[in-house]
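Geometric and topological summary
The primary structure of each chain is shown beneath.
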Amino acid sequence: MTAQLASKPAEEIALGVHWIGAFDPDLRTFDLILKTANGTTYNAYLVEGAEGVAVIDTVKEEFSNQFFARLEAVTSYDRIRAVVLNHLELDHAGALPELMRRAPQAHIYVSQRGLKLLQATLKDALESYRYTLTDDGDQLDLGGRTLRFVHTPYLHWPETKCTFLVEERILFSCDVFGAHFCDGRFYNDLVGDFRFSFEYYFKHIMRPFKKWVLSAMDKLEPLAPLMIAPSHGPILRHRPMDYIRSYRLLSGSHLPNEVAGKEKSLLIFYMSAYGATADMARSVYEGASAVEGVRVSLYDLQGGEVDPFVDLIEEADGLIFGSPTINGDAVKPIWDLLASLVAIETRGKVGAAFGSYGWSGEAVPMIEDRLRGLKMRVPEKGKRIKFHPTEQELDDCRDYGQSIAELLAGKAKPKVIDFASL
Ligand code: FEO
């Protein structure tokens, strides 16, 4: 099958518009984090106008042979007038250095934010090529065919853009609307059922940028594309607008809204070895629950798998993690949960940590560092208690929980800074 796919010719997806990408059916893990049960494709396209040809994106370097063979079958290098780079990640820009060696006269079009990546890709050779840094809405006239650049920042890198072929209303959307799904039948109405791959891809690539996805859909929807040609997976010619609606739905809430509109949601997760951190957790919970306007939930990770909590966390306003220190570290389920948060937006949420310890108590500051790494606010110093907490220490935990909840509810009292603690 691999050889069969590799030898497939370029596909004319519209008159004078060709798919010239590459098939990678044997890939099982993409970018170290995404699984793909039947490989992927690196889709690149060629648009022919009366005044020259534009190549839109390239492929991963190892698949250059497929790309160049398909390109050569439909045009010659001296006819390439423009190379449009929607995204500079190497699965799309891997063949760019060789393409520019073969078509040095081509003019490169890249978004302003893409310049540093373009320099890193072409190194010193960039000086010998011509390039234009595009603004949102800029157009390129190929002679009877117009390419309009639609910037879609953070879908999923800051420099990402889409390219719209105005006359045929084809949207070359790069990673947006992509799926790691390799099927030589090309089109969404002909390939196998790829719904799982489409949603899985969104969840792992686009989900952390939901706010940006919604802004991008506001730009793309009015274009009313008749075909969406992404850079991975099937070309969406049947009901393309459904995929825009799908991105809107996937960017909405995953949960029925149990937490009332003005209420804040505070989640407390903990693990306990000897019951001390569990006692602290209950006290933090009691203190936080006393604050009006904050819905507080308490979860012992010994009784739960990590993945289902990710949806809850995405919609929470505050997160508190409790872990004992074992062998100088927080315990694994806490790290597993914290590691899974890369798939969602955590910037600006309030974070806090607590835990019991025996010797050195590294777990709490380590968790706090991770929370800061996730761009969360950590407004209070974490609460650490040696061995089992006393009644007084449990009262301190209640105060700690209350203080975090008050901050969420906008009722925080002004702090007196103790210079001795600085
Ligand atoms: Fe398919 Fe972000 O590269």
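First, a word on scope: everything that follows refers to the structure included in this document.

So, how was this worked out
- Residues numbered from 1 in each chain as written.
- Predicted model: local features only at pLDDT ≥ 70, side-chain atom pairs only at ≥ 80, totals over all residues.
- Heavy atoms only, no water.
- Core = buried A, V, L, I, M, F, W, Y, C linked by side-chain atoms within 4.5 Å.
- Buried < 20%, exposed > 50% of the residue type's maximum accessible area, 1.4 Å probe, protein only.
- Helix = DSSP H or I, 4+ residues; strand = E, 2+ residues; numbered from the N terminus.
- Contact = heavy atoms within 4.5 Å.
- Salt bridge = Lys/Arg side-chain N within 4 Å of Asp/Glu carboxyl O.
- Pairing = 2+ DSSP bridges.
- Axes fitted to C-alpha atoms, helices over the stretch in contact; angles between N-to-C directions.
- Expected span 1.5 Å × (residues − 1).
- Phe/Tyr/Trp six-rings, centres within 6.5 Å; stacked < 30°, edge-to-face > 60°.

**Details of the nonpolar core**
In this structure, Phe67, Ile80, Phe177, Met217 and Tyr247 are the most contacted members of the largest nonpolar core, which totals 64 residues. Per-element accounting of this core gives the leading share, 6 residues, to helix α6 (residues 195–206). With sequence-adjacent residues up to four places away left out, phenylalanine 177 is seen in contact with Leu171, Phe198, Met217, Leu220, Ile228, Pro230, Leu236, Tyr243, Ile244 and Tyr247.

**Considerations on the pattern of salt bridges**
On inspection of all chains with the given rule, the structure shows 23 salt bridges. When the shortest N-O distance is used, the salt bridge between arginine 185 and aspartate 183 registers 2.8 Å. Among the charged side chains, a network of salt bridges with common partners joins Glu72, Glu98, Arg101 and Arg102.

**Here we look at the sheet that holds strand β16 (residues 227–230)**
Overall, mixed pairing links the 5 strands, which are arranged β12-β13-β14-β15-β16 in an open sheet. Every interior strand has two partners, whereas the edge strands, β12 (139–141) and β16, have only one. Ignoring strand direction, the axes of neighbouring strands in this sheet form an average angle of 20 degrees. Here strand β13 (residues 146–151) pairs with strand β14 (residues 161–165) via 5 bridges, running antiparallel. Along β14, the bridge assignment pairs valine 150 with cysteine 162.

**What to know about α6**
For α6, built from 12 residues, the straight-helix expectation of 16 Å at 1.5 Å per residue is met to within 8% by its first-to-last C-alpha distance of 16 Å. Ser197, Phe198, Tyr200, Tyr201, Phe202, Ile205 and Met206 are the residues of α6 that are buried. Tucked into the core, α6 has its buried residues touching β5 (34–35), α7 (210–220) and α8 (240–250).

**Describing the sheet that holds strand β1 (residues 11–14)**
Pairing between the strands of a sheet comes from backbone hydrogen bonds, and it takes one of two forms, parallel or antiparallel. One open sheet accounts for 7 strands, arranged β1-β2-β7-β8-β9-β10-β11; its pairing is mixed. At either margin of the open sheet sits one strand with a lone partner, and together these are β1 and β11 (130–134). Geometrically, the sheet is characterised by an average inter-axis angle of 25 degrees between neighbouring strands, direction not taken into account. As paired strands, strand β2 (residues 17–19) and strand β7 (residues 45–49) are joined by 3 bridges and run antiparallel to one another. Looking at β7, one finds that valine 17 is bridged to valine 47. Contacts from helix α5 (residues 115–122) reach β10 (107–111) and β11, with the element oriented near 135 degrees to β10.

**A closer look at unusual backbone geometry**
Most peptide bonds take the trans configuration, and most residues that are not glycine carry a negative phi. Following leucine 155, the chain continues into histidine 156 via a peptide bond in cis, with omega recorded as 5 degrees. Tracing the backbone through its elements, the reader meets histidine 156 in the loop between β13 and β14. Look at phenylalanine 186: it is not a glycine, yet its phi comes out positive at around 70 degrees. Note on placement: phenylalanine 186 falls in the loop between β15 (170–174) and α6. By relative accessible area, which is 7% here, phenylalanine 186 ends up buried. Positive phi values are uncommon outside glycine, yet arginine 239 reaches one of about 50 degrees. Relative to the elements of secondary structure, arginine 239 occurs in the loop between β16 and α8.

**Thoughts on the environment of glycine 114**
Relative to the assigned elements, glycine 114 resides in the loop between β10 and α5. When its relative accessible area of 0% is taken as the criterion, glycine 114 is described as buried. Residues glycine 114 and aspartate 317 lie 203 residues apart in sequence; the distance between their C-alpha atoms is 33 Å. Setting aside its immediate chain neighbours within four residues, glycine 114 contacts Leu88 and Glu159.

**Considering α8**
Those residues of α8 that sit buried are Pro240, Met241, Tyr243, Ile244, Ser246, Tyr247 and Leu250. Buried-residue contacts for α8 involve α6, α7 and β16.

**Observations regarding the packing of aromatic side chains**
Considering all chains together, one arrives at 22 aromatic pairs under this definition. Measuring from ring centre to ring centre gives 5.8 Å for phenylalanine 23 and phenylalanine 186, while their planes differ by 45 degrees; the resulting arrangement is tilted. Taken together, the residues phenylalanine 23 in strand β3 (residues 22–24) and phenylalanine 186 in the loop between β15 and α6 connect sequence positions 163 residues apart. Across the pair, exposure class does not vary: phenylalanine 23 and phenylalanine 186 are buried alike. For the pair tyrosine 45 and phenylalanine 172, a centre-to-centre distance of 5.1 Å together with 50 degrees between the ring planes defines the contact as tilted. Residue tyrosine 45 is found in strand β7, and its partner phenylalanine 172 is found in strand β15; the two are separated by 127 residues along the sequence. According to the relative accessible area criterion, tyrosine 45 is buried, its value standing at 1%. Each member of the aromatic cluster is reached from another via a ring pair, and the members are Phe177, Phe181, Phe194, Phe198, Phe202, Tyr243 and Tyr247.

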